[in-house]
Every structure is written in structure tokens, then in C-alpha cells.
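# Fold and contact review
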Amino acid sequence: MDEVLEAFRDVRARTHVDGTLGAGGHARAMIEAHEEMEHFVGFDVDASAHALARPRLERARAATRGDEATTTLRLSLVEANFRRMREALRALDVDGVDSVVLDLGVSSMHLDRAERGFSFMNDGPLDMRMGESATTTAEEIVNAWPEEEIGRILREYGEEKHWRLLARRICERRAEKEIRTTRELVDAIGNVPGKWGSIHPATRTFQGIRIAVNDELGAVEDVIPAAIEALRPGGRLAIISFHSLEDSIVKRRFRHFAGRAEPPSEEVNRYMPQPEAPPKIVKLITRKPKVPTSAEIDVNVRSRSAKLRVCEKL
Ligand SMILES: C[S@@+](CC[C@H](N)C(=O)[O-])C[C@H]1O[C@@H](n2cnc3c(N)ncnc32)[C@H](O)[C@@H]1O
């Protein structure tokens with residue numbers, strides 16, 4: 001939280017966008033810290049996040065703006081995927097923004113509610129959609145996707161080293177009986193070879209399936225150019241990611257907009273002309289990602305793998 005506030009300390013955040021409202025923690029802190037804010041735009045795909053965040057933001061607005069609250073700070077809450085940012089801002093007549101925050105991934109509300117199907121600790125239907133707009137569910141993936149595709153998402157998105165074995169176990173189990181609940185999926189996965197330390201054997205499988213259900217990496221790819229395009233000069237974009245693939249997308253996209261040419265791929269002959277550097281439209285504020293201190297991790301275990309990257313529009 002402090003790092004996010006710090007990233008925007010010197011920005012006049014008249015129009016602020018929070019792409020991942022969740023329970024409204026970051027949003028509220030930004031409203032409180034930036035009295036100059038005139039328009040707050042918050043996205044979340046999940047209707048229950050809006051139900052929780054809206055009253056909190058209204059209270060923060062009333063507490064910091066007094067009687068003039070509703071006329072001095074406009075709150076626009078958009079129930080949509082942040083990858084629709086360009087169209088949504090246009091529909092709200094926003095012609096430039098000063099600050100954008102994205103705090104990627106699921107929220108504790110998702111994990112704590114068994115009926116959402118995100119948690120291997122609670123039994124629930126195999127759903128895992130963050131919002132109703134997702135076009136597939138975990139149940140569909142687990143029961144209908146080919147074994148190779150399940151293996152691929154476990155390997156790529158779950159970073160599961162036993163992907164081949166676990167994809168096979170899932171497919172063997174579903175041939176006997178459809179897998180319909182989180183508990184049934186945990187049973188199908190069973191134990192995995194080797195030492196697991198503190199992480200549950202189903203952790204990586206659940207992560208891989210969740211990322212596929214919500215096309216989380218595709219959404220990050222899409223939103224970065226849209227957010228950078230929306231920024232006014234001097235405006236900043238801050239992204240917190242929890243997954244190495246997300247962080248590598250953010251790193252690559254930020255470097256691209258900072259005018260760095262992609263390193264040539266292995267196959268490209270070194271005597272071939274090098275790719276041209278793209279135009280530089282942002283500067284990198286964090287050259288290396290910021291990671292939480294051990295004190296922060298003690299207070300919030302989820303922050304353990306968080307990485308924050310920030311860039312500024314030129
Ligand atoms: C980690 S939580 C955000 C927590 C929030 N920053 C806070 O302080 O309470 C992530 C939220 O973003 C939402 N989300 C994730 N991906 C999204 C996307 N592509 N578009 C819109 N919302 C998304 C999730 O539904 C979840 O509520």
C-alpha cells in the first residue's frame with residue numbers, strides 16, 4: 001500500500017483510475033491522499049467487489065471533502081474487465097488520466113467464498129470466474145479440454161513441474177466420472193512426488209486453471225497500451241503482479257514503451273539488421289521491481305510474491 005501511495009506522491013491525480021477495485025483498499029487510500037482528485041474511475045469484473053467498495057469510497061469522499069463531496073469528486077465505478085479501459089474511458093468522456101493502479105490477481109473475497117470455486121481448501125463448484133463475463137469455467141476446462149491443453153496451462157500458468165502427470169491424472173479421473181467440485185479436483189490431483197514444503201500439492205494446478213479461465217495474461221497484455229495511451233504527460237501507471245509471467249509481460253511492455261528494442265530472438269542471425277527501437281513514450285520509474293519488506297510480508301502473507309513496477313508518461 002505504502003509503495004503505491006509513494007509512486008503517486010508527486011502526481012496531481014485529478015483523474016485517477018483503479019483497474020482492480022477489489023475491496024477498495026488502494027482506492028480509498030488514493031482518495032484520502034489526493035484531495036485534488038476530481039474524478040475517480042474504478043474497474044472490477046466482480047459485482048461483489050463493487051458492492052463492497054462503493055460505500056467505502058463514498059465514506060472516504062464524504063470524510064475528506066465534507067459538504068461539497070459529491071460535486072467535487074465524481075466516482076465512476078465500472079463493472080467490466082480492465083482490458084476494456086479505452087472504450088470505458090471514452091464512454092465516460094475522460095480525455096486524459098493522471099494515475100492508474102492495477103493490483104492484479106484474485107482477492108481474498110474470491111478465495112474465502114467456497115461457492116466461487118477458487119480455493120482448494122474449501123469445497124465448492126468448479127467455477128473460478130472472477131466475473132460473469134468470463135466465457136469458460138474451471139469445470140469446462142477440467143472436463144472438456146484435451147489432456148495436452150490442460151498440461152500446457154499447468155506448465156505455463158501454474159509453473160507446475162509435474163504438469164504431465166497431473167494432467168494425466170485429471171483426465172483419468174474424468175473418464176470415470178465428471179469432476180464437478182474443488183474437492184473432487186483436489187482428490188484427482190492427489191499427491192505429487194518430492195518435497196512440497198509449505199505449499200499444497202494442488203496450489204499450482206488451481207493457479208494455472210484460474211489464469212486460463214479469466215485469460216488473466218491476455219488482459220494484462222491488452223491494458224498496458226490502453227492505460228499508457230490514456231495517461232497525460234507526467235501521469236503514472238503502477239502495476240503490482242504476483243506471478244512471474246505477469247511480471248515479465250509488464251517488464252517487456254514497459255521497456256517497449258520506454259523505447260527499448262526487444263532483444264533479438266536466438267534464431268535471428270546476428271548479421272541481420274537489428275530491430276528498430278520503438279518510440280519512447282514513457283520513462284521507467286522502477287528499473288527493478290519493488291518487492292515487499294519482510295515486515296510487510298509478516299502482516300500480509302499474500303504480498304510475499306508481489307512485484308511493483310511503475311512508469312511515467314513523457
Ligand atoms: C488483488 S484484488 C485488488 C485489491 C484492491 N487493490 C484493494 O486494495 O482492495 C484484485 C481485484 O481485481 C479484480 N480483477 C482482476 N482482474 C481483473 C480484470 N482483468 N479486470 C477487472 N477487474 C479485475 C478482481 O476481481 C479483484 O477484485
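Computed from a predicted model, the values in this text were never measured in an experiment. (Residues numbered from 1 in each chain as written. Predicted model: local features only at pLDDT ≥ 70, side-chain atom pairs only at ≥ 80, totals over all residues. Heavy atoms only, no water.)

## Description of the environment of Glu147
Put simply, the rule reads: Secondary structure counts use DSSP, requiring at least four H or I residues in a row for a helix and at least two E residues in a row for a strand, with both numbered from the N terminus. For every residue, the accessible area (1.4 Å probe, protein chains only) is compared with the maximum for its type, and the residue is labelled buried under 20%, exposed over 50%, or partly exposed between those bounds. Residue contacts are counted whenever heavy atoms from the two residues lie within 4.5 Å of one another.
By secondary structure assignment, the location of Glu147 is in helix 8 (residues 147–156). Judged by its relative accessible area of 33%, Glu147 falls in the partly exposed class. Residues Glu147 and Ile170, 23 residues apart in the sequence, show an inter-C-alpha distance of 8.3 Å. If we ignore the near neighbours within four places in the chain, the residues touching Glu147 are Ala167, Arg168, Cys171 and Arg174.

## Topic: the pairing of strand 2 (residues 39–43)
Just so we agree on the cut-off: Whether two strands pair depends on DSSP finding at least two bridges between them. Orient the strands so they point away from the viewer, and a crossover whose first-strand-to-second-strand path over the helix runs clockwise is right-handed.
Taken across its five residues, strand 2 has five buried, putting it largely inside the fold. The pairing of strand 1 (residues 15–18) with strand 2 spans four bridges and is classified as parallel. Across the sheet, the residue bridging to Val17 is Val41, located in strand 2. Taken together, strand 1, helix 2 (residues 25–33) and strand 2 form a β-α-β motif whose crossover is right-handed. Taken together, the five bridges between strand 2 and strand 3 (residues 74–78) define a ladder with parallel strand orientation. Across the sheet, residue Phe43 finds its bridge partner in strand 3, namely Val78.

## Thoughts on the site of the ligand
Definition in use: Any residue with at least one heavy atom within 4 Å of a molecule or strand is counted as near it. Counted as a polar contact is a pair of N or O atoms within 3.5 Å, where, for protein atoms, one must be capable of donating a hydrogen and the other of accepting one, and residues adjacent in sequence contribute only when both atoms are in side chains. All accessible areas in this document rest on Shrake-Rupley with a 1.4 Å probe, and a residue is counted as covered only by the protein chains that are shown. Gly is placed with the polar residues, together with every amino acid not listed as nonpolar (Ala, Val, Leu, Ile, Met, Phe, Trp, Tyr, Cys and Pro) or charged (Asp, Glu, Lys and Arg).
Around the ligand lies a shell of 23 residues, among which His26, Asp44, Asn81, Phe82 and Asp103 are the nearest. In this structure, Thr20 approaches the ligand through a main-chain N or O atom, which is 3.5 Å from a nitrogen atom. Between an oxygen atom of the ligand and a side-chain N or O atom of Asp44, the distance comes to 2.7 Å. Here the ligand loses 92% of its free accessible area of 600 Å² to cover by the protein chains. Class assignment of the residues belonging to the shell around the ligand gives a composition of nine nonpolar, 10 polar and four charged.

## Brief notes about the nonpolar core
Our working definition: To qualify as a nonpolar core, a set must consist of buried Ala, Val, Leu, Ile, Met, Phe, Trp, Tyr and Cys residues joined through side-chain atoms within 4.5 Å. The split into domains, and so the bounds of each, comes from an automatic or database assignment of domains.
Counting 63 residues, the largest nonpolar core has Met85, Leu185, Ile209, Ile224 and Leu237 as the members making the most contacts within it. Element by element, the count of residues in this core is highest for helix 12 (residues 216–230), at nine residues. A domain split of this core shows at least three residues from each of domain 1 (2–108 + 217–313) and domain 2 (135–213). Contacts of Ile224, omitting those with residues within four sequence positions, involve Leu237, Ile239, Ile249, Val250, Arg253, Phe254 and Phe257. Within the second largest apolar cluster, 24 residues are counted, among which are Ala7, Met30, Leu57 and Ala238.

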